[in-house]
Amino acid sequence: MKKTYFSEWGIPSPRYWALLALLAAFVGIGGLSALYMEHEGHWVTGMTNQVVWGTPHVFAIFLIVAASGALNVASIGSVFGKKPYKPLAPLSGLLAIALLVGGLLVLVLDLGRPDRLIVAMTVYNFKSIFAWNIFLYTGFMAIVAVYLWLMMEHKMNPYSKPAGLLAFVWRLALTTGTGSIFGFLVARQAYDAAIMAPMFIIMSFSFGLAIYLLVLMFAFILDDRPLGDVIVTRLKNLLGVFVAGVMFITLIYHLTNLYGTENHEVEAFLLRDGGIYTQVFWIGEVLIGGLLPLGILYHPVLGRNFGWIAGACGAVIVGGIAKVYVILIGGQVFPMALFPEKAVVASGFYDGVVASYSPSLPEVLLGVGGIAVALAATLVGVRMLRFLPTSLSNQDLDPQAAA
Amino acid sequence: MSKTTDQPDQDRRAFIGKAAGAVAAATLAPGVFLHGVAGVEYRQEPVTDKVRWGMLVDSNKCADGCTACVDACNHENGLDLLEKPEGLSDDMWDQQIPKWIRKVTVKDKLSGRESNLPMLCQHCEHPPCVDVCPTGASFRRADGIVMVDRHTCIGCRYCMMACPYKARSFVHEVVEHKPTISPRGKGCVESCTFCVHRLDRGETTTACQDACSQAGHKAIVFGDLNDPSSEVSQALKQYPSRQVRADLKLNTGVRYSGV
Amino acid sequence: MYGSEVKIRLLLAAVLAGAWALAGAAPDEDWRQGNSKAAGLEHCVRSTDYMRRNHMELIEHERTETVHHGVRIESKSLAGCIKCHVQYDAAAKPIPINSEEQFCDMCHEYAAVTLDCFQCHATVPTPETDYGARAGEGDKQ
């Protein structure tokens, strides 16, 4: 078996520093937005008493979900024993940590009282899934860090398999916890469903792999490292399966809601009458996030072209953000049915009407800042340490793969 | 025992203080409340579950267009002291300002009959907001009042997502005027407290109940659900009533009749 | 140029001068001020020494007692502290307790510990028995 070599990302220095400076600028702007929101209070955002979680949470949830999915590639190597994936594992671990850190930063900076993070880390109500998530998220970062060390330190390689198994189980628990944030809410019709946890799990598979593949192609092509079509084909086929999986679970979610009369109104809102939310659902989630990437990835000609594959990954990412937007914001704007047998004529607190929400600039900048943190961490990581294999060409890959 | 001449003897003072305290304690009524200034009694002992505070709202008596309870609550708890930040539209301000109680008018889809009622925190026995709070800031007091410990609240708003009655509000801006009986600040979540500052002073009525009585409607009856002779328990025995969103099985402390 | 012994002496003098300056600012004077009620008392809740070092623990314990258990002993409430320690200006209006050079600020500014209480709590006494007690203009931050 051919030995895999890893090396630091070797793009020319000026390019590296320019990229880092650009990302740092976005990080800085995101930080300033957070400071502004914290100092003035949330009145400067589009969030209200009706829509309490807004654009920062859309980005945060997307990043956190993608983080656990990004680890999949390493798990396929360590847990499921697929040798061709083993060289891909270190980058997978790095991306997982970087994306999670970016997402958590956005989440924490949007708190009404971010100065009370110490309170959140020391005082717990363990019936709350949020409290469990604090442990799941920090534990994930610690476990993946150890897993990375075991992978990259040659002497410790035999221990990487049990660590990989632990990491895989932990990431499933983490995504279950994230989906259950919504699944456990009895109050709102769009949530309160056991399928939220599995839906978030399959979403993580899809978004994480799309981001991973995009980062891998970007890193290799910019650094002139050989990237064979065998490994890319495996990854893109897998991505296609995951995208189809997301569409399937989404279909089950909506079909189940449509069956019971109880939920007809919320489905009519999401699928037909919801204005911007309906548009984001059909065009963003279904078309751009689902049908378009599937069409590209399984196309006999386009599916072999790296440019088109990268485009498909981008489409999955855009569709993923759209999906989280529909779930999070769409689920909040739809009124709760306090009196299902009655129609609300008037209310002093917006009962019975679809709430209005428009993203504000500070919120968007904070969310983008989180993405920038994740990318900057990845950038510094691959530059400073040996996360990237020197070659993924077809010949250099494990012979098992070529078969 | 004194070490320096200009320092008073702390030990002697401590003894005198304790002795005076013991005498005072012996002469006080051995009850839960301590008589304070102007006949106000402050709770001295921790609250127990002997009392469960609850409310019956009779929507037949609730008048269309009347907002006495809302205005009274806003005045009592200092909500009307909040000022719209400069640069914020009136529309957004109305969506962001805390509202602990609101009037709702509903119409039956079949008969067209309209009902009016105030909607507020239902003070459930099994509150979803308490379940989801990561720090335990949202909690249920022994006497049934569901409220937010704003020292521990981190402002994550998960309780606002979880509340089936949309009872909670978030403070979106810096608070300038702070009433002593209702401390409030930017970044925390709040909701109806059943006028807990009154109850802890030995009173048994809420501001909304008083206002509704004064307006002549008497649609709100508040009291101790555990006491069979209280006005609210008698009313619940007499009139048919229900919980809003009863299928959630939260055993709310607020019941409605006529809707 | 200078001998090492001279340097040591200069250094010692500088250190001592610095320490003296800091000691001058240290709060070992009596901070119960002016016309506040506390100025007339030796101590009330606990001894001065204890309060200086442990008042934050008392405050934290009492707030749990009050919020979670409904115990409202006035001498142990934050409002009680403010009633005693607040000063009044020439027009007999209370000065917000967390203003510069008022009771809390004198030690907290020196110790560089930010006060979180008054983001939410009233800084002047407001009537508690008057339902719908209005916060006075004095407590506007």
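Participant: Report on the overall build of chain C, specifying residues and quantitative values.
Facilitator: The helix and strand tally for chain C stands at four helices and zero strands. By sequence separation, contacts in chain C at least 24 residues apart represent 51% of the contacts at least 6 residues apart.

Participant: So what's going on with the interface of chain A and chain B? Residues and values would help.
Facilitator: The interface is formed by 39 residues belonging to chain A together with 47 residues belonging to chain B. Those elements that place two or more of their residues in the side of chain A that touches chain B are helix H5 (117–122), helix H6 (129–152) and strand E2 (342–347) of chain A.

Participant: Lay out helix H2 (residues 68–76) of chain B with the relevant residues and their values.
Facilitator: Residues and elements named next belong to chain B. Of all nine residues in H2, seven are buried; the element is thus mostly enclosed. Those residues of H2 that sit buried are Ala 68, Cys 69, Val 70, Ala 72, Cys 73, Asn 74 and Glu 76. Packing partners of the buried residues in H2 comprise strand E4 (101–108), strand E5 (114–120), helix H7 (207–214) and strand E10 (220–224). Phi turns positive, to about 75°, at Gly 78, one or two residues after H2.

Participant: Which residues make up the sheet that holds strand E3 (residues 53–58) of chain B, and what are the values?
Facilitator: Residue and element names in this part refer to chain B. The three strands lie next to each other as E10-E3-E11, forming an open sheet whose pairing is mixed. On the outer flanks of this sheet lie E10 and strand E11 (254–257), each paired with one strand and no other. Strand-to-strand twist across the sheet, computed as the mean angle between neighbouring axes with direction ignored, equals 20°. Where E3 meets E10, five bridges bridge the pair, whose relative direction is antiparallel. Bridge pairing in E10 places Val 57 opposite Ile 220.

Participant: Now, about the environment of Leu271(A): what can you tell me, with residues and values included?
Facilitator: Residue and element names in this part refer to chain A. Inspection of the secondary structure puts Leu 271 in helix H10 (residues 264–273). With 172 residues separating them along the chain, Leu 271 and Leu 99 place their C-alpha atoms 31 Å apart. With residues near it in sequence (within four places) discarded, Leu 271 still touches His 254, Thr 278 and Phe 281.

Participant: How would you sum up the nonpolar core? Please name residues and give values.
Facilitator: Counting 198 residues, the largest nonpolar core has Phe62(A), Leu63(A), Leu95(A), Leu99(A) and Cys69(B) as its most contacted members. Aside from chain neighbours lying at most four places away, what touches Phe62(A) is Phe207(A), Gly320(A), Ile321(A) and Val324(A). Listed in part, the nine residues of the second largest apolar core include Cys81(C), Val86(C), Ile95(C) and Cys104(C).

Participant: Give me the packing of helix H9 (residues 229–259) of chain A against H10(A): which residues, what numbers.
Facilitator: Geometrically, a packed helix pair is captured by the angle between its two axes and the distance between the axes. Residues and elements named next belong to chain A. Taken N-terminus to C-terminus, the directions of H9 and H10 make an angle of 135°; their axes are 8 Å apart at the nearest point. Between H9 and H10, the crossing angle belongs to the class labelled oblique. Note on packing geometry: the crossing formed by H9 with H10 is left-handed. Where H9 abuts H10, its residues His 254, Asn 257 and Leu 258 lie against Val 266, Glu 267 and Leu 271. Within the contact of H9 with H10, the residues separate by chemical class into three nonpolar, two polar and one charged.

Scoring rules and cut-offs
- Residues numbered from 1 in each chain as written.
- Chains lettered and ligands numbered in written order.
- Predicted model: local features only at pLDDT ≥ 70, side-chain atom pairs only at ≥ 80, totals over all residues.
- Helix = DSSP H or I, 4+ residues; strand = E, 2+ residues; numbered from the N terminus.
- Contact = placed C-beta atoms within 7 Å.
- Buried ≥ 20, exposed ≤ 12 C-beta atoms within 10 Å, placed from the backbone.
- Pairing = 2+ DSSP bridges.
- Axes fitted to C-alpha atoms, helices over the stretch in contact; angles between N-to-C directions.
- Core = buried A, V, L, I, M, F, W, Y, C linked by C-beta atoms within 7 Å.
- Parallel < 35°, antiparallel > 145°, perpendicular 65-115°, else oblique.
- Left-handed = near helix turned anticlockwise from the far one by under 90°.
- Nonpolar A, V, L, I, M, F, W, Y, C, P; charged D, E, K, R; others polar.

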